[in-house]
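Coordinate inspection notes
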Amino acid sequence: MVALDLDGTLLTSDKTISKGNEQALKAIHNDGVKVVLCTGRPINAIWRFIEQLGLTEDTDYTITFNGALVVHNNDKAELAKSGIQKADLVPLHDFVKSENAPLDVLDFQQVYPMTDLKHSMYQQQFKGNIDFVPRAFSDLSDADEYSKAIVSDKPELLDKYQSAIDDTLRSHYHIVRSQPQIMEFLAAGMDKVVGLKALLDHFDMDFSNLMAFGDAENDLGMIKNAEIGVVMENGQDPVKQAGDVITGNNDEDGVAQFVNKYFG
């Protein structure tokens, strides 16, 4: 199984899959290797990439919401799902309110920009097919399950918010800076590696069967756990230190460089 992060890894800076990466991944997929996209987004938001790579066969799956939902590509059926309750988001809401920061809460279908807080930049950063439904935090359903929450703002402001997070708040969530302007708050223990474990189990495999490509903090779990953790040249230093191999950058077919070398 080959697991691939999108932004900064498989995708170029203009958010496309290069012809070189496409050809390399199609070749190993045709030979029976399971190619799995791993993203913080819902599957509809990346469907064009799934179609481009031909990942529409009966055994094709995608890891979405940074591990919280594993989806069967063909029929969008859920293989594994783990969310967070509204009550668990209260400490985060209190924190962002005290910092005059924005907040978006995502269930598994849509995004709720919090109207009782500062305006968020998330919608303008988001490229994909998902509805944004503005809502006050008090109006969120207590019965629903949520996939994660997002704080999206200018990078220098995100630095400020991040430095203000104390150990108590950190203990409530798995917090990752997935992009300079996006910080994600997941259920404690939630990670792309959680979704990958469920998918590996489904195929009677384990992490010794996994090659993972990534560049950022939210890829650290799968890079550490994979038999071969491949980090992009443009990757963050802690991720590079955790990986087994450094490949080329995301604008120079770094994924294809290693895939073609390894699989011949």
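Quick note: structure is the one above.
Conventions used here
- Residues numbered from 1 in each chain as written.
- Predicted model: local features only at pLDDT ≥ 70, side-chain atom pairs only at ≥ 80, totals over all residues.
- Heavy atoms only, no water.
- Pairing = 2+ DSSP bridges.
- Helix = DSSP H or I, 4+ residues; strand = E, 2+ residues; numbered from the N terminus.
- Contact = heavy atoms within 4.5 Å.
- Axes fitted to C-alpha atoms, helices over the stretch in contact; angles between N-to-C directions.
- Salt bridge = Lys/Arg side-chain N within 4 Å of Asp/Glu carboxyl O.
- Buried < 20%, exposed > 50% of the residue type's maximum accessible area, 1.4 Å probe, protein only.
- Left-handed = near helix turned anticlockwise from the far one by under 90°.
- Nonpolar A, V, L, I, M, F, W, Y, C, P; charged D, E, K, R; others polar.
- Core = buried A, V, L, I, M, F, W, Y, C linked by side-chain atoms within 4.5 Å.
- Phe/Tyr/Trp six-rings, centres within 6.5 Å; stacked < 30°, edge-to-face > 60°.
- Lys NZ or Arg CZ within 6 Å of the ring centre and 35° of its normal.

1. Focus on the sheet that holds strand 8 (residues 131–132)
With mixed pairing, the six strands of this open sheet are ordered in space as 8-7-6-9-11-10. Strand pairing shows two members of the sheet lacking a second neighbour, strand 8 and strand 10 (173–179), which therefore form its edges. Sheet topology note: the strand 6 (residues 104–106)/strand 7 (residues 110–113) ladder contains three bridges and is antiparallel. Counterpart to Leu106 in the pairing with strand 7 is Val111. Against the sheet, helix 6 (residues 155–163) touches strand 9 (148–152), strand 10 and strand 11 (182–187), its axis set at about 160 degrees to strand 10.

2. Side note on the pattern of salt bridges
For side chains bearing opposite charge, pairing can occur when the charged atoms are close. All told, the structure shown has 13 salt bridges when counted by the stated rule. Salt-bridge contacts for Asp142 lead to Lys86; the nearest nitrogen and oxygen are separated by 3.8 Å. Taken together, the residues Asp142 in the loop between strand 8 and strand 9 and Lys86 in helix 4 (residues 86–98) connect sequence positions 56 residues apart. Residue classification places Lys86 among the buried positions, given a relative accessible area of 9%. Because the salt bridges share partners, they merge into one network encompassing Asp5, Lys192 and Asp219.

3. Considerations on the packing of helix 2 (residues 19–30) against helix 11 (residues 254–263)
Contact geometry of helix 2 with helix 11 gives a least axis separation of 8 Å together with a crossing angle of 35 degrees. Seen along the crossing, helix 2 lies across helix 11 with a hand that is left-handed. In this structure, helix 2 uses Gly20, Asn21, Ala24, Leu25 and Ile28 to contact helix 11, whose residues at the interface are Gly254, Val255, Ala256, Val259, Asn260 and Phe263. Taken together, the residues of the contact of helix 2 with helix 11 break down into seven nonpolar, four polar and no charged.

4. Some thoughts on the environment of Leu55
Looking at the element boundaries, Leu55 is found in the loop between helix 3 (47–53) and strand 3 (61–64). When residues no more than four places from it in sequence are discounted, the contact partners of Leu55 are His29, Val35, Leu37, Ile50, Asp60 and Asn73.

5. Digging into the environment of Phe258
In this structure, Phe258 sits in helix 11. In sequence terms Phe258 and Val151 are 107 residues apart; their C-alpha atoms lie 34 Å from each other. For Phe258, the contacting residues outside a window of four places in its chain are Met211, Phe213, Ile228, Val230, Val245 and Thr247.

6. Here we look at helix 11
Looking only at helix 11, the buried set comprises Gly254, Val255, Ala256, Phe258 and Val259. Here the buried face of helix 11 lies against strand 1 (2–5), helix 1 (6–10), helix 2, strand 12 (211–214), strand 13 (228–232) and strand 14 (245–247).

7. A look at the nonpolar core
Leu25, Leu37, Leu89, Leu92, Leu103, Phe185 and Phe213 are the most contacted members of the largest nonpolar core, which has 69 residues in total. Broken down by element, the residue count for this core peaks at five residues, all from strand 11. In this structure, Leu37 is in contact with Leu4, Leu6, Leu10, Ile46, Phe49, Ile50, Leu53, Leu55, Tyr61, Thr62 and Ile63, ignoring residues within four places of it in sequence. Of all hydrophobic cores here, the second largest spans 21 residues; its members include Leu200, Phe203, Phe207 and Leu210.

8. Some words on the side chain of Thr9
One can find Thr9 in helix 1. Contacts of Thr9, omitting those with residues within four sequence positions, involve Phe213, Gly214, Asp215, Asp219, Met232, Asn250 and Val255.

9. Points about the packing of aromatic side chains
Summed over the entire model, instances satisfying the criterion amount to eight aromatic pairs. Both rings, one in Tyr112 and one in Tyr146, keep their centres 6.5 Å apart while their planes meet at 80 degrees; by these two values the pair is edge-to-face. Placement of the pair is Tyr112 in strand 7 and Tyr146 in the loop between strand 8 and strand 9, with a sequence separation of 34 residues. The burial state of Tyr112 is the same as that of Tyr146; both residues are buried. Seen from their ring centres, Phe213 and Phe258 are 6.2 Å apart, and the 65 degrees between their planes marks the pair as edge-to-face. In this pair, Phe213 is assigned in strand 12 and Phe258 in helix 11, connecting sequence segments 45 residues apart. Of the aromatic side chains, those joined through ring pairs into one cluster are Phe213, Phe258, Tyr262 and Phe263. Geometry around Phe203 places Lys34 over its ring, the cationic atom sitting 4.2 Å from the centre. The side chain of Lys86 reaches across the aromatic face of Phe137, ending 5.3 Å from its centre.

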